[in-house]
Amino acid sequence: MAENRNIIVGLDGVPFGMIKDFTESGVMPNTSKLLNDSVLTPMYSTVPEISSVAWSSIITGANPAEHGIFGFIDLHPNSYKMRFPNFNDLRAATFWENCEGPSVIVNVPSTYPVRSMNGVHVSGFVSIDYEKSVYPESLVSTLKGLEYRLDVDSMLAHKSMDVFLDDLDRTVDARISSIQTFWDQCKWQNFMFVFTGTDRLMHFLWDAYDDKGHKYHRKFLEYFSKIDAAIGRIIDLSENSDSVILLSDHGFEKLDHDVFVSKILAEEGFLHFNPSEESSLQNIGPKTKAFALDPARIYLNRKDKYPCGSVEEKDANEILNQLEELFSSLEIDGRKVIKHIFKKEDVYEGPYFKDAPDLVLIGDTGFNLKATTAGKSRFGKGIFTGKHTYHDAFLAVKSKNRNISFDKQPSVIDAGKLIRSLTK
Ligand SMILES: [Zn+2]
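Residues numbered from 1 in each chain as written. Predicted model: local features only at pLDDT ≥ 70, side-chain atom pairs only at ≥ 80, totals over all residues. Heavy atoms only, no water.

S.K.: Describe helix H7 (residues 161-185), and please don't skip the residues or the numbers.
M.R.: Over its 25 residues, H7 runs 36 Å from end to end, which matches the ideal 36 Å to within 8%, given 1.5 Å per residue. Where H7 begins, one side-chain oxygen reaches toward the backbone nitrogen of Asp162, 3.3 Å away; that side chain belongs to Ser160. (Helix = DSSP H or I, 4+ residues; strand = E, 2+ residues; numbered from the N terminus. Expected span 1.5 Å × (residues − 1). Polar contact = N/O pair within 3.5 Å; in protein donor to acceptor, adjacent residues only side chain to side chain.)

Structural data, given as structure tokens:
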């Protein structure tokens, strides 16, 4: 079995352009060496382009309508009450559950709570209880000894960027120590770990990447150098016959405007709240035709699906056409706001199709779509300077055993299928 080992390294949110930049400019020299032996391609994320959905597709090779995860938030059946899907809601098997050999899985988003498996599993965000984040539980004390932390404290960035950056550093240092420890101590056929601090760093400090004169520009590069050193150590320890996959789950770019999709739906008469109650989904009024869940998943308020649903099947298409027209013509300062409008049947296929959103919007360059009903106006700008992108995640594959080539740009679902076939 040792001749068929797989190493999978995730860099959450890192766009194709950035990995090209950092490997060419010397910020990530070890990654550069790895890419010299790899096939590198830009890659599409899932729809929507968020970590919970994309990593669920990467570890299963499945479409969201097959694995059942459509966002960080979903609704309880027949209600507007929100819930947070977790690993128990994933309806497709992971590659490590399909593989007879042992695996080490560290910090993959949306894999909490852990369950028994052949090997070691430490779940990624959103992980709540330490004990439910580590399998086998006997490793909890090892991880605590390494000062391993389940996630960074992003709230710190709202108080002090320096304190937040220290927190990011301490979190990634402990993550790297744990990876080293598992590498040394565990038997494995598949070894997967994901760096998620990259996504947090880019949300808060994309401007520090863009602007060489920015106070935190060097710090931004140093964070990536640190990850590069960890990748370098793993590659040095790996064997020539090991397959290595380096990938991200979505891309990133500069954020110019937040766009409050629910506010637009309300102003255009699609979404109504009961008067004198707060504007939350729980207070949706019966005249509502459509509502949104983060980041921009739009659901028709169907009569047969929701407690105060009003949309009959015969009227669905017309309302969808009105919504498409509304969002495709949306502009601010002469700039187009929406890049893609995906219909349910364009992107989803599988047994959970009925749970999929009717439309998913993807923002054009610089437009960060949000479904929060708390938006005071259509557009705004918060603390974030970076946002996710759909079209420019990346995938790099080094494999001695397999001829790898892509005739068109793959998606994270294709990456998941490839991982599945390599780890079989
Ligand atoms: Zn993010």
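Next comes the rest of the description.
S.K.: Could you give an account of the environment of Cys99, naming the residues involved and the relevant values?
M.R.: With respect to the helices and strands, Cys99 occurs in the loop between strand S4 (82-83) and strand S5 (103-108). By relative accessible area, which is 8% here, Cys99 ends up buried. Sequence separation between Cys99 and Val120 is 21 residues, and the spatial gap between their C-alpha atoms is 14 Å. The residues touching Cys99, leaving out its near neighbours within four places in the chain, are Gln189, Asn190 and Thr423. (Buried < 20%, exposed > 50% of the residue type's maximum accessible area, 1.4 Å probe, protein only. Contact = heavy atoms within 4.5 Å.)

S.K.: Residues and numbers for the coordination of the zinc ion, please.
M.R.: Summarising the metal site, the zinc ion is bound by the protein donors Asp199 (OD), Asp199 (OD), His203 (NE2) and His388 (NE2), whose distances to it range over 2.1 to 2.4 Å. One way to put it: the 4 donor atoms around the zinc ion meet at angles of 56 to 150°, and that makes the site irregular. Mapping the donors of the zinc ion onto the primary sequence gives the spacing D-x3-H-x184-H. Of the two residues, His203 sits in helix H8 (residues 197-210) while His388 sits in strand S20 (residues 386-389), which places them 185 residues apart along the sequence. Since its relative accessible area comes to 13%, His388 is described here as buried. (Donors = N, O, S within 2.8 Å, 3.2 Å for Na, K, Ca; no water. Tetrahedral: all angles 85-135°; square planar, octahedral: opposite > 155°, others 65-115°.)

S.K.: Report on the packing of helix H2 (residues 29-36) against helix H9 (residues 217-237), specifying residues and quantitative values.
M.R.: Helices that pack against each other are described as a pair by the angle of their axes relative to one another and the distance between those axes. The geometry of H2 relative to H9 is characterised by a closest axis approach of 7 Å and an angle of 50° between their N-to-C directions. Regarding the angle of H2 to H9, the classification is oblique. Mapping the contact onto sequence places Pro29, Asn30, Thr31 and Leu34 in H2 and Asp228, Ala229, Ile231, Gly232 and Ile235 in H9. Per-class residue counts for the contact of H2 with H9 are 5 nonpolar, 3 polar and 1 charged. (Axes fitted to C-alpha atoms, helices over the stretch in contact; angles between N-to-C directions. Parallel < 35°, antiparallel > 145°, perpendicular 65-115°, else oblique. Nonpolar A, V, L, I, M, F, W, Y, C, P; charged D, E, K, R; others polar.)

S.K.: I'd like a rundown of the packing of aromatic side chains, residues and numbers included.
M.R.: Two aromatic rings are characterised by how far apart their centres lie and by the angle between their planes. For the structure shown, the criterion picks out 24 aromatic pairs. Judged by centre distance (5.3 Å) and plane angle (85°), the rings of Phe70 and Tyr348 are edge-to-face. Pair noted here: Phe70 is in the loop between helix H4 (64-67) and strand S3 (74-75) and Tyr348 is in the loop between helix H12 (344-347) and strand S17 (359-363), with a separation of 278 residues, a long-range link. In this structure an aromatic cluster arises from ring pairing among Phe22, Trp206, Tyr209, Phe220, Tyr223, Phe224 and Phe252. Above the plane of the ring of Phe87 lies Arg115, whose end atom (NZ or CZ) is 3.9 Å from the centre. Stacked on the ring of Phe353, the Lys or Arg Lys344 has its end atom at 4.9 Å from the ring centre. (Phe/Tyr/Trp six-rings, centres within 6.5 Å; stacked < 30°, edge-to-face > 60°. Lys NZ or Arg CZ within 6 Å of the ring centre and 35° of its normal.)

S.K.: Can you lay out empty space enclosed by the protein for me, pointing to particular residues and giving the numbers?
M.R.: Here the structure, examined in full by the defined rule, presents 4 cavities of 30 Å³ or more. Considering only enclosed or pocket space, the largest cavity measures out at about 60 Å³ in volume. Looking at the lining of the largest cavity, the elements with two or more residues in it are strand S16 (338-343), S17 and S20. Here the lining of the largest cavity gets 3 residues from one element, more than from any other, and that element is S20. For the lining of the largest cavity, the per-class residue count stands at 2 nonpolar, 6 polar and 5 charged. Viewed by domain, the lining of the largest cavity spans two of them, domain 1 (6-254 + 387-423) and domain 2 (257-380), each represented by three or more residues. (1 Å grid on protein atoms, 1.4 Å probe; cavity = no way out; pocket = protein on both sides within 12 Å on 5 of 7 lines; lining within 4 Å. Points joined across faces, edges and corners; volume = space filled by probe spheres on them. Domains from an automatic or database assignment.)

S.K.: So what's going on with the domain arrangement of the protein? Residues and values would help.
M.R.: Taken as a whole, the protein is organised into domain 1 (6-254 + 387-423) and domain 2 (257-380). On the side of domain 2, 35 residues touch domain 1, which itself brings 26 residues to the contact. Carbon and sulfur atoms supply 66% of the area that domain 1 and domain 2 bury against each other, a total of about 2,300 Å² over both sides. Looking only at domain 1, the three residues that lose the most surface to domain 2 are Val47, Phe70 and Tyr80, adding up to 32% of its buried area. (Buried area = accessible area lost by both parts, 1.4 Å probe.)

S.K.: An account of the layout of surface pockets is needed here, citing residue identities and associated values.
M.R.: In this structure, the largest pocket encloses a volume near 1,200 Å³. Lining the largest pocket are 40 residues, and of these Phe72, His203, Asp294, Phe384 and His388 sit closest to its centre. Looking at the lining of the largest pocket, the elements with two or more residues in it are H8, S17, strand S18 (367-370) and S20. Of the residues belonging to the lining of the largest pocket, the class tally is 20 nonpolar, 11 polar and 9 charged. Each of domain 1 (6-254 + 387-423) and domain 2 (257-380) gives at least three residues to the lining of the largest pocket. By volume, the second largest pocket is sized at about 480 Å³. If you go around the second largest pocket, you meet 20 residues; those closest to its centre are Asp74, Leu75, His76, Pro77 and Asp355. Every element with two or more residues in the lining of the second largest pocket is listed here: S3 and strand S12 (290-293). Class assignment for the residues of the lining of the second largest pocket results in 10 nonpolar, 3 polar and 7 charged.

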